[in-house]
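Tertiary structure, described
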Amino acid sequence: MARLQTGFFLILLTTIGFSQEYDNVDEEANQTINFKTSSSIFDWKYRLHTGVSSSFFIDFITSPLSHVDIEYTDPGNIIRIEQGAVQTTYASYYTIGFVPRYNIYELKNNLAFAISAPIAIGFGNATRASETVIGASGFGNFQLPLFFNVFYGAESTYDAQDHVGFNVGYGFEFNKIGLLNFSSLSQNENINKSWVMPAFTAGAQFYRGLSPMEVNVKFGYGKIENQLVDQYGNPLLDGKRITRASSIKLSVIYFL
């Protein structure tokens, strides 16, 4: 009888322990289900991620090739108009930015599709892109890309447990270089125009101590163009110069 009582007592303890463990699993599952259900696309407190970016020296921008009217007065007071080539290049000493990102679809805890708009203001000089073009002269730049991103791993969602992650993105960026104009040219508004071009981005997320951060590279590009005339409207001696609008920036992002 004592053995029977002891056996019954052990079975009872095992049943109670299994029941408690099963209840804990169910509770964790319910919490996960409730958490996912409550996080709708409009739950901006859970979907919105922000960061601050900084770049030192590796931030270069070149404007698209364009042309302006160059007026000449030939003998007999005959006015002649030629098309002079225009292109500006810019190099930033330091660029600071704000990086908002909104997860529009979170497939898993460590995989998300997002849109981002990493706004940046740079401190550097703008000048002509080559000796055969007219260029703007100024200081500073403003850049506003809009990307569709895929984030995986660390910092992809607020529930991600990974220590390392990566992301890629594609979209378009708005550029304006030479915010402070130092040029005395009469047609500066036609020489220093803003523009939009395609761009892509890639980055790696990781932790430095307890602080999440990202190393990011962004590249913007315009269509390839042939420059056939110089800044005076004369044909180039080499026939043509191949160029395009472009931008490249290496930055570090600190997540807030």
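Here is what the cut-offs are and how they apply
- Residues numbered from 1 in each chain as written.
- Predicted model: local features only at pLDDT ≥ 70, side-chain atom pairs only at ≥ 80, totals over all residues.
- Heavy atoms only, no water.
- Phe/Tyr/Trp six-rings, centres within 6.5 Å; stacked < 30°, edge-to-face > 60°.
- Helix = DSSP H or I, 4+ residues; strand = E, 2+ residues; numbered from the N terminus.
- Pairing = 2+ DSSP bridges.
- Core = buried A, V, L, I, M, F, W, Y, C linked by side-chain atoms within 4.5 Å.
- Buried < 20%, exposed > 50% of the residue type's maximum accessible area, 1.4 Å probe, protein only.
- Contact = heavy atoms within 4.5 Å.
- pLDDT = per-residue confidence, 0-100.

Here the focus is the packing of aromatic side chains. Enumeration according to the criterion identifies 9 aromatic pairs in this entry. Between F113 and F148, the aromatic rings sit 6.3 Å apart at their centres with planes inclined by 15°, giving stacked as the arrangement. Within this pair, whereas F113 is found in strand β6 (residues 111-116), its partner F148 is found in strand β8 (residues 138-153), the two being separated by 35 residues in sequence. Feature note: the residues Y105, F113 and F148 constitute an aromatic cluster, connected by ring pairs.

The next thing to look at is the pairing of strand β4 (residues 78-86). Relative to β4, strand β3 (residues 66-74) is paired through 9 bridges, and the arrangement is antiparallel. Its bridge partner lying in β4, V68 is registered against G84. With antiparallel pairing between neighbouring strands as the criterion, β3 and β4 make up a hairpin whose turn holds 3 residues, including G76 at a positive phi of roughly 85°.

Next up on the list: the nonpolar core. The biggest cluster of nonpolar side chains holds 7 residues, and these are I61, Y90, A126, I177, W195, M197 and A245. Residues contacting W195, with those up to four places away along its chain left out, are I61, T62, S63, P64, E173, F174, N175, I177 and A245.

In this model, the protein chain carries a mean pLDDT of 87, and residues with pLDDT of at least 70 account for 83%. Between residues 1-38, whose pLDDT stays under 50, and residues either more than four places distant or in other chains, the model counts 6 contacts.

For the rest of this paragraph, the subject is the environment of M213. Here M213 lies in strand β11 (residues 211-221). Between the C-alpha atoms of M213 and I253, which are 40 residues apart in sequence, the distance is 5.5 Å.

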